[in-house]
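Observations on chain architecture
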Amino acid sequence: MFRALRPVLARPSGTVRTCVLLVLLAATGIAILELVREQTGTPGFFVGLGLALLPVAPLMAAFRWLGRAAPAPWSQLLFCFGWGACTAALIAILANNFATQWIAAATADPSEADQLGSVAIAPVVEESAKAAALLLVFVFRRRHFTGPADGFVVAGFTAIGFAFTENILYLGNAFVQDLADGTGVLDSVTAATFFVRIVLSPFAHPLFTVLTGLGFGAAAVSARRARRICLPLLGLALAMGLHALWNGSSRFGDHGFYVVYGCVMVPLFGLLVWLAVRIRRGRLRTVAGELALYAAAGWLAPAEVPALASMPARSLARSLARRSGGRAAGRAVARYEADAVALALLRNRARRGGPLREADFARRERELLHRLWQRRATAGPVLARAAVMEELLPPCGDPWDPWDPSDPLRVSGPVDGAWRPEPAAGPAGVPGPRPEVPPEPSVRRSGPWTPATPAGPPSIRPCVLPGGDGVR
């Protein structure tokens with residue numbers, strides 16, 4: 001009996017972990033709301049809440065845009081936001097207050113204790129608390145943590161949540177001070193705080209934590225155990241250092257804040273924006289290169305590959321499916337796109353020697369291929385049509401028309417009534433590729449998709465990594 005229960009006790013199920021995390025977020029959320037309300041007062045709390053909400057939606061949209069090439073589940077992103085806003089913020093407030101009081105008692109100088117706490121204590125505590133969310137996703141949701149882009153997005157949502165709660169506290173306290181002093185709106189501390197924290201530097205906390213996220217993202221595709229440990233720690237150390245520099249900028253003279261802002265924060269922000277765009281484009285190129293191998297094996301139609309590697313084409317394909325088959329068809333195409341991208345990133349990670357077990361790669365690949373095959377009759381034609389409409393396929397003498405009624409892949413009805421191919425050779429439990437793939441025109445080399453040259457034999461089987469890696 002105890003032997004049977006040992007695996008359950010050693011590793012809790014996903015439902016148990018989810019319940020524990022939800023209870024933790026709820027408890028810390030109630031605690032942090034009450035703590036902030038006590039420090040700002042009820043009027044200050046609601047004013048701070050209203051002003052702190054303004055940058056949340058634009059920042060979320062920016063980070064979501066980066067991750068749309070391989071979107072993470074909204075539940076995961078909302079968990080990261082909640083962790084930053086509730087758990088990390090509560091840890092930071094309690095630890096920072098304790099450390100500041102201890103330093104003040106030891107040095108008998110409250111002002112020096114505040115400065116030392118903001119430079120030496122706050123960056124370490126806050127970045128560590130935010131990094132805990134990334135660690136949880138990295139350990140328990142490794143399937144959705146496939147590279148630097150995922151680290152970028154997860155870190156961004158966590159930091160947005162943390163900055164949201166911190167802004168409520170700062171803006172609420174400023175409003176209470178203005179009420180006590182009777183200051184006008186334009187000359188108020190609230191206006192100055194809003195300008196510095198919401199207008200000038202809404203990206204500050206995301207900028208710090210993204211460095212940690214990039215470390216976790218690089219570790220996710222690293223084959224060496226030492227790198228999987230050292231890279232996140234290096235990213236965390238850089239985040240702490242940049243955070244400390246930002247908090248200590250006022251100690252560099254009257255213009256120290258503006259010097260650090262103009263010479264460090266703005267250039268680094270521009271560098272990370274460039275890196276984010278580059279990562280997004282690189283992920284789409286990876287999707288195109290890996291899916292080209294499956295298209296060569298017959299699992300995908302060649303016209304689907306450039307569409308799956310183009311965000312406008314994906315959106316157009318979903319729109320076409322909804323127009324012809326309703327919401328059910330649109331959802332089927334969206335799931336097909338997500339599964340195809342997950343398959344491409346899974347294979348890329350295995351090819352690069354990431355920390356993925358061989359048995360898990362084969363099982364996961366079979367699972368994704370099976371789900372793709374179930375929806376291919378619905379998604380394949382609209383993706384091919386989207387590729388034509390987006391001019392990803394050049395005109396040809398007699399191109400294959402995915403909407404041709406005589407073609408077996410044409411969608412003639414909803415998902416349940418779509419054409420089903422005859423099973424062929426394939427992995428156990430998964431139907432094989434269609435025996436005859438319609439001829440496709442050659443794909444244009446310009447644009448968001450570049451045809452990939454397989455690293456191995458021109459004819460591959462699933463679960464065989466090109467390049468002589470053998471069966472996975």
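Source: prediction; values computed, not measured.

Focus: the nonpolar core
As a rule of thumb, nonpolar side chains are buried together in soluble globular proteins. Membership of the largest hydrophobic core comes to 63 residues, with the highest contact counts inside it found for Phe 152, Trp 246 and Met 265. Sort the elements by how many residues they give to this core and helix H4 (residues 74–107) lands first, with 12 residues. Other than its neighbours up to four places away in sequence, Phe 152 contacts Phe 63, Leu 66, Val 210, Gly 213, Leu 214, Leu 272, Ala 276 and Ile 279. Core analysis: the second largest hydrophobic core is formed by 42 residues, Ala 295, Ala 303, Val 333 and Ala 340 among them.

Quick notes on the environment of Leu 346
Mapped onto the fold, Leu 346 is located in helix H12 (residues 311–351). Sequence-wise, Leu 346 and Phe 361 are 15 residues apart; in three dimensions their C-alpha atoms are separated by 7.4 Å.

Details of the packing of aromatic side chains
Following the criterion strictly, the structure yields 13 aromatic pairs and no others. Taking the centre distance of 5.1 Å and the plane angle of 50 degrees together, the rings of Trp 246 and Phe 257 count as tilted. You can see Trp 246 sitting in helix H9 (residues 225–247) and its partner Phe 257 sitting in helix H10 (residues 256–296), a full 11 residues away along the chain. Both rings, one in Trp 299 and one in Trp 373, keep their centres 5.9 Å apart while their planes meet at 85 degrees; by these two values the pair is edge-to-face. Placement of Trp 299 in the loop between H10 and helix H11 (304–308) and of Trp 373 in helix H13 (residues 358–389) is noted, with a sequence separation of 74 residues between them. Per residue, the accessibility class of Trp 299 equals that of Trp 373, and both read buried. Following the ring pairs from residue to residue traces out a cluster consisting of Trp 246, Phe 257, Tyr 258 and Tyr 261. Above the face of the Phe 138 ring, Arg 142 is positioned so that its terminal group lies 4.1 Å from the ring centre. Sitting above the plane of the Tyr 170 ring, Arg 197 keeps its charged end 4.3 Å from the centroid.

Observations concerning the packing of H10 against H12
At a closest axis distance of 8 Å, the pairing of H10 and H12 adopts a crossing angle of 90 degrees. On the basis of the axis angle, H10 is roughly perpendicular to H12. Where H10 abuts H12, its residues Arg 280, Arg 283, Leu 284, Thr 286, Val 287, Glu 290, Leu 291, Leu 293 and Tyr 294 lie against Met 311, Arg 314, Ala 340, Val 341, Leu 343, Ala 344, Leu 345, Arg 347, Asn 348 and Arg 351. Residues that form the contact of H10 with H12 fall into these classes: 11 nonpolar, 2 polar and 6 charged.

A closer look at helix H8 (residues 204–220)
In this model, H8 (17 residues) spans 25 Å end to end at C-alpha, consistent with the 24 Å of a helix rising 1.5 Å per residue. Approximately 25 degrees is the largest bend angle found in H8, and it occurs at Val 210. Burial analysis of H8 places 16 of its 17 residues in the buried class, which makes it a mostly covered element.

As for the packing of helix H6 (residues 148–181) against helix H7 (residues 189–200)
For the pair H6 and H7, the least separation of the axes is 8 Å and the interaxial angle reads 160 degrees. Considering the angle they form, H6 stands roughly antiparallel to H7. Along this stretch, H6 crosses H7, giving a crossing that reads as right-handed. Taken together, the residues of H7 that come into contact with H6 (itself represented by Glu 166, Asn 167, Tyr 170, Leu 171, Ala 174, Phe 175, Gln 177 and Asp 178) are Val 189, Thr 190, Thr 193, Phe 194, Arg 197 and Ile 198. The residue inventory of the contact of H6 with H7, partitioned by class, reads 7 nonpolar, 4 polar and 3 charged.

Rules used throughout
Residues numbered from 1 in each chain as written. Predicted model: local features only at pLDDT ≥ 70, side-chain atom pairs only at ≥ 80, totals over all residues. Heavy atoms only, no water. Core = buried A, V, L, I, M, F, W, Y, C linked by side-chain atoms within 4.5 Å. Buried < 20%, exposed > 50% of the residue type's maximum accessible area, 1.4 Å probe, protein only. Helix = DSSP H or I, 4+ residues; strand = E, 2+ residues; numbered from the N terminus. Contact = heavy atoms within 4.5 Å. Phe/Tyr/Trp six-rings, centres within 6.5 Å; stacked < 30°, edge-to-face > 60°. Lys NZ or Arg CZ within 6 Å of the ring centre and 35° of its normal. Axes fitted to C-alpha atoms, helices over the stretch in contact; angles between N-to-C directions. Parallel < 35°, antiparallel > 145°, perpendicular 65-115°, else oblique. Nonpolar A, V, L, I, M, F, W, Y, C, P; charged D, E, K, R; others polar. Expected span 1.5 Å × (residues − 1). Bend = angle between axes of the 7 residues up to and from the residue. Left-handed = near helix turned anticlockwise from the far one by under 90°.

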